[in-house]
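Listed below, chain by chain, are the residues.
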Amino acid sequence: MVKLGVNIDHIATVRQARQGREPDPVWAAVEAELGGADLITVHLREDRRHIQDRDVTVLRQTTGVPLNLEMAAVREIIGIALKLKPAMVTLVPEKRAEVTTEGGLDVCSRQTMLAEMAKKMHGAGIRVSAFIDADVRQVEAAKAVGFDLCELHTGPYALATGAGFVQLQHERLRLAGEEILNLGMQFNAGHGLNYRNVGAIAALPHVNELHIGHAIVSRALFIGLRAAVREMKLAIAESVR
């Protein structure tokens, strides 16, 4: 069964709109777990626009499923990760002005620095994932650096229009996923996936985890987070029967 990592950043986005205490991402994690989430994902950004340090600390202490910390490869956040020791960290590019992550991490151009960071994480018992575009060169660089997993950026697939272009993006993901597996890493995927488009990605050969946030939180506004996670789990399960 393909695992579902639920990103709860946008619960914190609603909270930060009033700079208050609710809704609490920690409670959201509980509801997501009760709905069947296999992992909880949060992105601790340098500008702290949504998830805060307290959130990550309490989630690390309370989640009953593995915690995946998305982060930029910067000194401050690396230090926090090494202190808290989540089950895994996912390295992502980060721009202050972006609304959401706009593309994959360029591992090829930062191999020396990323290799040093991966070594530190491994020393602390933390698995390391790279959020990358569906590019075989980036996959090969991730392997050289020492990453355990690669999460393929599915945004271009999710935004594609027209059957031909959708198929092109899907094929790019398939080929990159095949290379991830050939090199002995775990194949994950995520970004922009929703209840309508998740099936074709969940059906890719040997994809292990899908990381989804915005679509689930949006659906939760109408039916609750627990039920929204259950619906996504069902959509994934139906695609791989």
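These numbers come from a predicted model, not from an experiment.

S.K.: Help me get a handle on the overall build of the protein, residues and values and all.
M.R.: On a plain count of helices and strands, the protein comes out with 11 helices and eight strands. Taking 2.2 N^0.38 as the reference for a compact globule, 241 residues should give roughly 18 Å; the C-alpha atoms of the protein span a radius of gyration of 17 Å, in line with that estimate. When the backbone C-alpha atoms are referred to their principal axes, the protein occupies close to 45 × 40 × 30 Å. In the protein, the share of contacts with a sequence separation of at least 24, taken over all contacts with a separation of at least 6, comes to 66%. By element, 53% of the accessible surface of the protein is carried by carbon and sulfur atoms, the whole surface being about 11,200 Å².

S.K.: Please give an account of the environment of His211 that cites residues and values.
M.R.: Inspection of the secondary structure puts His211 in strand β8 (residues 209–212). Accessibility expressed as a relative area gives 5% for His211, which makes it buried. The sequence separation of His211 and Asp38 amounts to 173 residues, and the corresponding C-alpha distance is 9.9 Å. Leaving out residues up to four positions away in the same chain, His211 has contacts with Gly5, Leu39, Thr41, Asn68, Glu151, Asn188, Ala189, Gly190 and His191. At 3.0 Å, the side chain of His211 forms a polar contact with the side chain of Glu209.

S.K.: Explain the environment of Ala72 to me, using residue names and the numbers behind them.
M.R.: Mapped onto the secondary structure, Ala72 falls in the loop between β3 (67–71) and α4 (75–84). Linking Ala72 and Ala237, residues 165 residues apart in sequence, is a C-alpha distance of 32 Å.

S.K.: Talk me through helix α6 (residues 136–145); I want residue IDs and the actual numbers.
M.R.: Among the residues of α6, Gln138, Val139, Ala141, Ala142 and Val145 are the ones counted as buried. In a view along the axis of α6, the buried residues occupy a sector of 165°, so they form one face of it. The exposed set on the far side of α6, more than 90 degrees from its buried face, consists of Arg137 and Ala144. Note on α6: the residue one or two positions beyond its end, Gly146, has a positive phi of about 110°.

S.K.: Account for the pattern of salt bridges, with residues named and values stated.
M.R.: Taken as a whole and judged by the stated rule, the model has 12 salt bridges. Among the ionic pairs, Arg49 bridges to Asp47, the shortest N-O distance being 3.2 Å. When its relative accessible area of 26% is taken as the criterion, Arg49 is described as partly exposed. Owing to a relative accessible area of 30%, Asp47 belongs among the partly exposed residues under this scheme.

S.K.: Any chance you could break down the packing of α6 against helix α8 (residues 163–182) for me, citing the residues and the numbers?
M.R.: For the pair α6 and α8, interaxial distance at closest approach is 9 Å and the crossing angle is 20°. As far as their axial angle goes, α8 and α6 are roughly parallel. Two packed elements cross with a definite hand, and for α6 against α8 that hand is right-handed. On α8, the residues that touch Val136, Val139 and Glu140 of α6 are Ala176, Glu179 and Ile180. Residue classes in the contact of α6 with α8 are distributed as four nonpolar, no polar and two charged.

S.K.: Pulling in residues and values, what's your account of helix α2 (residues 25–34)?
M.R.: Listed in full, the buried residues belonging to α2 are Pro25, Val26, Ala28, Ala29 and Ala32. Viewed end-on, α2 has its buried residues packed into an arc of 155°, placing them on one side of the element. Residues of α2 that are buried make contact with β1 (3–7), α1 (9–18), β2 (39–43), α3 (53–62) and α11 (225–239). Its side-chain oxygen 2.8 Å from the backbone nitrogen of Val26, Asp24 forms the N-cap of α2. Phi turns positive, to about 115°, at Gly36, one or two residues after α2.

What counts, and where the lines are drawn
Residues numbered from 1 in each chain as written. Predicted model: local features only at pLDDT ≥ 70, side-chain atom pairs only at ≥ 80, totals over all residues. Heavy atoms only, no water. Helix = DSSP H or I, 4+ residues; strand = E, 2+ residues; numbered from the N terminus. Rg over C-alpha atoms; globule rule 2.2 N^0.38 Å. Contact = heavy atoms within 4.5 Å. Areas by Shrake-Rupley, 256 points an atom, 1.4 Å probe, with all protein chains shown as cover. Buried < 20%, exposed > 50% of the residue type's maximum accessible area, 1.4 Å probe, protein only. Polar contact = N/O pair within 3.5 Å; in protein donor to acceptor, adjacent residues only side chain to side chain. Arc of directions from axis to C-beta. Salt bridge = Lys/Arg side-chain N within 4 Å of Asp/Glu carboxyl O. Axes fitted to C-alpha atoms, helices over the stretch in contact; angles between N-to-C directions. Parallel < 35°, antiparallel > 145°, perpendicular 65-115°, else oblique. Left-handed = near helix turned anticlockwise from the far one by under 90°. Nonpolar A, V, L, I, M, F, W, Y, C, P; charged D, E, K, R; others polar.

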